[in-house]
Amino acid sequence: MYQRILIPVDGSPTSDRALQEVLALARQQNVQLLLLHVIEEIHFVDIESSINYAELLESMRNSGTKILTQAQTVVQQAGMTAEVKLLEASGKRVASVIVTEAGRWPADLIVIGTHGRSGFSRLLFGSVAEGVVRTAQVPVLLIRGG
C-alpha cells in the first residue's frame, strides 16, 4: 500500500515508538524508508551572551547525526535499510521542513510520534505533529507516546 515512508526522529521515546510501528508495517511490504532529523534554530534574547553559536550548532548537528545513526541501526537490526537525512530549519517551522521534504523525496506516508501535550505546555512548545497533519499533502500516521 505505502511504498515510501518518511519518519521524523528526535531521539525521544515517542519517536522510537513511531519507528517501531513503521518497522512492523514495513515488514509486510517492500517499503523505502527515510529517517529525517530537523535541527531547530535557537534564538537568544541576550545578544551579549558568551554562548558560541557556531559551537552550539555543531553540537546540535552531532546530536542529530547520532539520533539518525541510532535509528538507522534499529532499522538494520530489523533486516531493512533506510536513507537518513539531517536538515536545518533555517528559520522555518520544523513541521514545514518535514512536509517540504516529504514532497521532495516523495513520501506516500509520514509516520510521526506525538507527545500528546495539552494546555499550557502545548501553547508553549507547540506541536510539530499537529503542524505536519495540518499541512501535509500525504497521509500522516500519528503514534501516541506510551
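Before reading further, recall that the structure is shown in the block above.
Here we summarise the structure given alongside this text. (Residues numbered from 1 in each chain as written. Predicted model: local features only at pLDDT ≥ 70, side-chain atom pairs only at ≥ 80, totals over all residues. Heavy atoms only, no water.)

This next bit is on the packing of helix α1 (residues 13-26) against helix α2 (residues 53-77). Packing of α1 against α2 brings their axes to within 11 Å, and their N-to-C directions diverge by 30°. By the angle between their axes, α1 is roughly parallel relative to α2. Like other packed secondary-structure pairs, α1 and α2 cross with a definite hand, here right-handed. Contacts from L19, Q20 and L23 in α1 reach A71, V74 and V75 in α2. When the residues that make up the contact of α1 with α2 are grouped by side-chain class, the tally is 5 nonpolar, 1 polar and no charged. (Axes fitted to C-alpha atoms, helices over the stretch in contact; angles between N-to-C directions. Helix = DSSP H or I, 4+ residues; strand = E, 2+ residues; numbered from the N terminus. Parallel < 35°, antiparallel > 145°, perpendicular 65-115°, else oblique. Left-handed = near helix turned anticlockwise from the far one by under 90°. Contact = heavy atoms within 4.5 Å. Nonpolar A, V, L, I, M, F, W, Y, C, P; charged D, E, K, R; others polar.)

The residue after W105, namely P106, is reached through a cis peptide bond having omega -10°. Relative to the helices and strands, P106 is located in the loop between α3 (94-104) and β4 (109-114). A positive phi angle, near 45°, is found at S90, a position not held by glycine. Position of S90 among the secondary structure elements: in the loop between β3 (83-88) and α3.

Below, the discussion takes up the pairing of strand β2 (residues 32-39). Here β2 lies mainly inside the structure; 7 of its 8 residues are buried. Both strand β1 (residues 4-8) and β2 contribute to a ladder of 5 bridges, which runs parallel. Counted as the bridge partner of R4 is Q32 from β2. Each parallel crossover has a hand, and for β1 linked through α1 to β2 it is right-handed. With 6 bridges joining them, β2 and β3 adopt parallel strand pairing. Note on β3: the bridge partner recorded for I39 is E88. (Buried < 20%, exposed > 50% of the residue type's maximum accessible area, 1.4 Å probe, protein only. Pairing = 2+ DSSP bridges. Right-handed = clockwise from strand over helix to strand, strands pointing away.)

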